[in-house]
Structure formats: C-alpha cells, structure tokens
Amino acid sequence: MSNHEITALQQQIGELKNKLAALQKQSAGEEIPDYTFKTLDGEVHLRDLFGEHDTLLVIHNMGQGCRYCTLWADGFNGLLPHLESAMSVVLVSKDSPEVQRRFANSRGWRFRLASHGGGDYIEQQSVMAGGGNMPGAVVYERKGENVFRKNASVFGPGDNYCVMWDLLNMAGLNGDSWTPQFNYWQRPKKMDDGGENLVE
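Description of the structure in this document. (Residues numbered from 1 in each chain as written. Predicted model: local features only at pLDDT ≥ 70, side-chain atom pairs only at ≥ 80, totals over all residues. Heavy atoms only, no water.)

Along any regular strand the residues' side chains alternate between the sheet's two faces. Two elements, strand β5 (residues 88-93) and strand β6 (residues 112-115), share 4 bridges in a ladder whose sense is parallel. Note on β6: the bridge partner recorded for Val90 is Arg112. Following the backbone out of β5, through helix α3 (residues 97-107) and into the adjacent parallel β6, one traces a crossover that is right-handed. (Pairing = 2+ DSSP bridges. Helix = DSSP H or I, 4+ residues; strand = E, 2+ residues; numbered from the N terminus. Right-handed = clockwise from strand over helix to strand, strands pointing away.)

Let us now look at the layout of surface pockets. The calculated volume of the largest pocket comes to roughly 640 Å³. Looking at the largest pocket, it is lined by 21 residues, and the ones nearest its centre are Gln24, Leu57, Met87, Val139 and Tyr161. Where the lining of the largest pocket is concerned, the elements lending two or more residues are α1 (3-26), β4 (55-60), α2 (67-84), β7 (136-143) and β8 (146-154). Tallied by class, residues from the lining of the largest pocket come to 13 nonpolar, 5 polar and 3 charged. (1 Å grid on protein atoms, 1.4 Å probe; cavity = no way out; pocket = protein on both sides within 12 Å on 5 of 7 lines; lining within 4 Å. Points joined across faces, edges and corners; volume = space filled by probe spheres on them. Nonpolar A, V, L, I, M, F, W, Y, C, P; charged D, E, K, R; others polar.)

Attention now goes to the pattern of salt bridges. For the structure on display, the rule yields 5 salt bridges. Note that Glu141 and Lys150 form a salt bridge whose closest N and O atoms lie 3.9 Å from each other. For the pair Glu141 and Lys150, one class covers both residues: buried. (Salt bridge = Lys/Arg side-chain N within 4 Å of Asp/Glu carboxyl O. Buried < 20%, exposed > 50% of the residue type's maximum accessible area, 1.4 Å probe, protein only.)

As a further point, take empty space enclosed by the protein. In the structure shown here, the tally under the stated rule is 2 cavities of 30 Å³ or more. Around the largest cavity, the lining residues are Asn61, Gly63, Gln64, Leu91, Ser93, Asp95, Gln100, Phe103, Ala104, Trp109 and Leu113. When contributions to the lining of the largest cavity are tallied by element, the ones reaching two or more residues are β5 and α3. The greatest single-element share of the lining of the largest cavity, amounting to 3 residues, is contributed by α3. Looking at side-chain class alone, the lining of the largest cavity contains 5 nonpolar, 5 polar and 1 charged residues. Reported here for the second largest cavity is a volume of approximately 30 Å³. As for the second largest cavity, its lining consists of Ile59, His60, Asn61, Cys69, Trp72, Ala73, Pro135 and Phe155. Looking at the lining of the second largest cavity, the elements that each hand over two or more residues are β4 and α2. For the lining of the second largest cavity, the element with the most residues is α2, which contributes 3 residues.

Before going further, it helps to spend a moment on the environment of Gln26. You can see Gln26 is positioned in helix α1. Given a relative accessible area of 62%, Gln26 falls into the exposed group. Separated by 118 residues in the primary sequence, Gln26 and Gly144 have C-alpha atoms spaced 19 Å apart.

When α3 is considered as a whole, its buried residues turn out to be Pro97, Val99, Gln100, Phe103 and Ala104. Summarising the axial view, the buried residues of α3 lie within an arc of 160 degrees, below the 170-degree limit, and thus occupy one face. In α3, the exposed positions that point more than 90 degrees away from the buried face belong to Arg102, Asn105 and Ser106. Its buried side turned inward, α3 meets β2 (36-39), α2, β5 and β6. Just past α3, the residue Gly108 takes up positive phi, approximately 75 degrees. (Arc of directions from axis to C-beta. Contact = heavy atoms within 4.5 Å.)

Any link to function would need more than the numbers given here.
Encoded structure:
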C-alpha cells in the first residue's frame, strides 16, 4: 500500500468517525434504574456519581487482574482533568473498594472509584449485551430525577480508546505481537545490591 493510499484511508476513517459522533450526539438513550455501588465512603447510588455534571462517563474496568484494562486506565488517567472539565468520571470494577484503592494507588490513578461487585449493574449495563464484566465505557445523562444510558462502547485491542494500538500499527506491530504488562522491569541476572528482600 502506498503512502497515498494510507492517507486516503485515514481520511475515510476520519469521515466515518464524524458520522458516528453525530449519531451518538442524537442518541436519546433509555431510562435505567438507580443502581447502588460500594465505595470507601459507603454505599452510593448511580445518581450520586454525577456530582455537579448532568453527564457521567463510567469506565468499566475488569479489575486488578487484567493487564489490558490497566493499559486503558493508565491512558485515561492522563486525560482525567480534561474529561472532568466536561463531565463526571468514575471507574468501576468488581473488586472491593479497598482492593480498588490499593491498585489505583500503585498505578497513580486519580479516578473516583466505585465497586459494582459483579452484581446487577454489570449484568444489566454491560457494554455488550450479555457480555457481563467486559471492559468498556458507558455515558449516562441525568434528566431531572431520572438517569438515561446514552451511549456505550467495548474496549479491545485496536480500538479508538487506547493510543497504543495506533502507534504500534505505525511501527508494523499489533495486539498479536505485543501484550501489555503491569511493569516492564526485568530482574538482572546479577543484583549488585545482593538481591535480598526483592519484591518482583
């Protein structure tokens, strides 16, 4: 494929993304229940998570055991102040609030966190029908006392939500040849400090 063909395809993708954005903007959404979540401060309702905004982005994270979910959240964390200028943001997972906070601290995440515990919320609000604890994001709108599910999208290798995939593609790599890790440090064959009490 020539550089001209690559540029033309990039333009086509840009046009399709503009059409998708227009359809997403028009989506009226559907009314949903006011689910409950657990946090370090106690139980909260979905409506509580909106804060001062009427739009809420809920990031569906599979929990501390998923390297891919960690990759997406690492990327979103850098965008968090920009996102929160437009809407409220919360990251949810099945993990307990204590586990969520400990893992978030280890990653330097600044998200507000809430646990659905694998219950009704994730079963009924999965980003893919019948998908259960799938990674992705859902946007909700608050209209008066009611909450509406406006749009949702699944996360996966090669998607629009992690810049890593496009950068890998430019280098001729992809999700088949690269897998995210929690960290990239490798123990040297010989530790100059003796290696005692090393946590790997």
